[in-house]
Amino acid sequence: MSFPAATPPSRLLMGPGPSQIHPQVLSALAAPTVGHLDPVFLRIMDELQSMLREVFGTTNPMTMAVSGTGSAGMETCVVNLVEPGDRVLCCVNGVFGGRMAEVAERAGAEVTRIERPFGEVFTAEEVREAVQRVRPKITGIVHAETSTGAWQPLQEISDVVHEADSLLLVDCVTSLGGVPVEVDKLGIDAAYSGTQKCLSCPPGLAPVTFGPRALEVMDRRTHKVCSWYLDIGLLRNYWGSNRAYHHTAPINMNYALHEALRLVLDEGLEQRYARHALHHRALRAGLAAMGIQYSGNPQYCLPMLNSVLIPEGADDAQVRSQLLQEFGIEIGGGLGPMKGRVWRIGLMGETARSSNVLLFLSALQQCLLRQGISLPAASATAAASVIYLES
Ligand SMILES: *Cc1c(COP(=O)(O)O)cnc(C)c1O
């Protein structure tokens, strides 16, 4: 039996990830595969680690790309820090905080959750009360909650977590490369990310970093890490100077991430953050002209993930399907309790460009008009253009 070749179309990815991929990153994927101990590959890994440290804002030697997507990064941090019976505090204000709690439970932790409504963030006071009461070994929190668009401030929370002698574990899957992630400055003990959000690389690797306090905790373990594949103690023998075989690194994905990080640093981190902020402002102005509101607390809205309320009378599935079929644009629907209530519009990495924002706004106008929804006379693209003109 013969099968047709897979011929995926070229989409405009404006959802919660994956994001648009730069052609240089796609070309890097197609470079010849070499062995995982080839000196050329070892050099690529060294450079990749150095670039990851810059993007994470850290000098942590233990900074690397785990094989697997963002969730593998989450699992790596959790299983290496948690031993059976350890207390873990998880701050849950969206789907991914909930996932972290689930992963910690499976790793044998005694998990306490504190919760905020979807779209809200935690205050340092709330976290202080919880860490003083629970005395957790680890406190986990999500920097950029992709399910709600909430941007969690971390500085004061880091202080209260450390006052209680707890380690701070941060989910930076969506924040890395889109807003500042300053691991050393914030005193983050362990962080993980993914490649397909603001780094604009295909999904498949999970950058992680562990600080000195986290390494100490790992060195003092009395139980083996419950995952062989994700055991940092074993992985560091390959990523470190020993170069001992552990598992075959996904060679071409590492090329791709190397190229994606080169593009991030060539652009400059500050410029990249400013670019995300600009296109967010333009999108927001365009949506406001259409009468579309954001779902979360406006003080804490992420630039790269715009969670907006579906206008009254609009059919969620039909609008998203028309955007995809007619315009080739993918946006995300709501997750968990937000299902059917919001659209999640991503402006991650390469997606954050004015051509994409303007095309999306006019396409969305088309879809809403098609459904008989009357829109304000003001043009959404004109409102966005004003922002661009002022910038
Ligand atoms: C996407 C995402 C994850 C999970 O990453 P996968 O690559 O889908 O495994 C975890 N946390 C956050 C905040 C995310 O946005």
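Residues numbered from 1 in each chain as written. Predicted model: local features only at pLDDT ≥ 70, side-chain atom pairs only at ≥ 80, totals over all residues. Heavy atoms only, no water.

**Some details on the site of the ligand**
Around the ligand, the surrounding shell holds 13 residues, and the nearest of these are Thr-69, Ser-71, Thr-146, Asp-171 and Lys-197. The separation between an oxygen atom of the ligand and a polar main-chain atom of Gly-70 is 2.9 Å. Contacts to the ligand include Lys-197, whose side-chain N or O atom sits 2.7 Å from an oxygen atom. Protein chains shield 89% of the accessible area of the ligand, which is 380 Å² for the free molecule. (Near = heavy atom within 4 Å. Polar contact = N/O pair within 3.5 Å; in protein donor to acceptor, adjacent residues only side chain to side chain. Areas by Shrake-Rupley, 256 points an atom, 1.4 Å probe, with all protein chains shown as cover.)

**Comments concerning helix 5 (residues 124-134)**
Listed as buried for helix 5 are Ala-124, Val-127, Ala-130, Val-131 and Val-134. Along the axis of helix 5, the buried positions cluster into a sector of 130°, meaning they face one direction only. Those residues of helix 5 that are buried are in contact with strand 3 (87-92), strand 4 (110-115), strand 5 (138-142) and helix 6 (155-163). A positive phi of about 50° marks Arg-135, the residue just after helix 5. (Buried < 20%, exposed > 50% of the residue type's maximum accessible area, 1.4 Å probe, protein only. Helix = DSSP H or I, 4+ residues; strand = E, 2+ residues; numbered from the N terminus. Arc of directions from axis to C-beta. Contact = heavy atoms within 4.5 Å.)

**With respect to the packing of helix 10 (residues 251-267) against helix 11 (residues 269-289)**
For the pair helix 10 and helix 11, the least separation of the axes is 5 Å and the interaxial angle reads 90°. Relative to helix 11, helix 10 is oriented roughly perpendicular. Contact residues: Val-264, Leu-265 and Glu-267 in helix 10; Leu-269, Gln-271, Arg-272 and Arg-275 in helix 11. When grouped by side-chain class, the residues that make up the contact of helix 10 with helix 11 number three nonpolar, one polar and three charged. (Axes fitted to C-alpha atoms, helices over the stretch in contact; angles between N-to-C directions. Parallel < 35°, antiparallel > 145°, perpendicular 65-115°, else oblique. Nonpolar A, V, L, I, M, F, W, Y, C, P; charged D, E, K, R; others polar.)

**Comments concerning the environment of Glu-145**
With respect to the element layout, Glu-145 can be found in strand 6 (residues 144-145). For Glu-145, a relative accessible area of 1% corresponds to the buried category. Linking Glu-145 and Asn-356, residues 211 residues apart in sequence, is a C-alpha distance of 23 Å. Residues contacting Glu-145, with those up to four places away along its chain left out, are Asn-93, Gly-94, Val-95, Phe-96, Gly-97, Ala-150 and Leu-302. At 2.6 Å, the side chain of Glu-145 and the side chain of Ser-147 are in polar contact.

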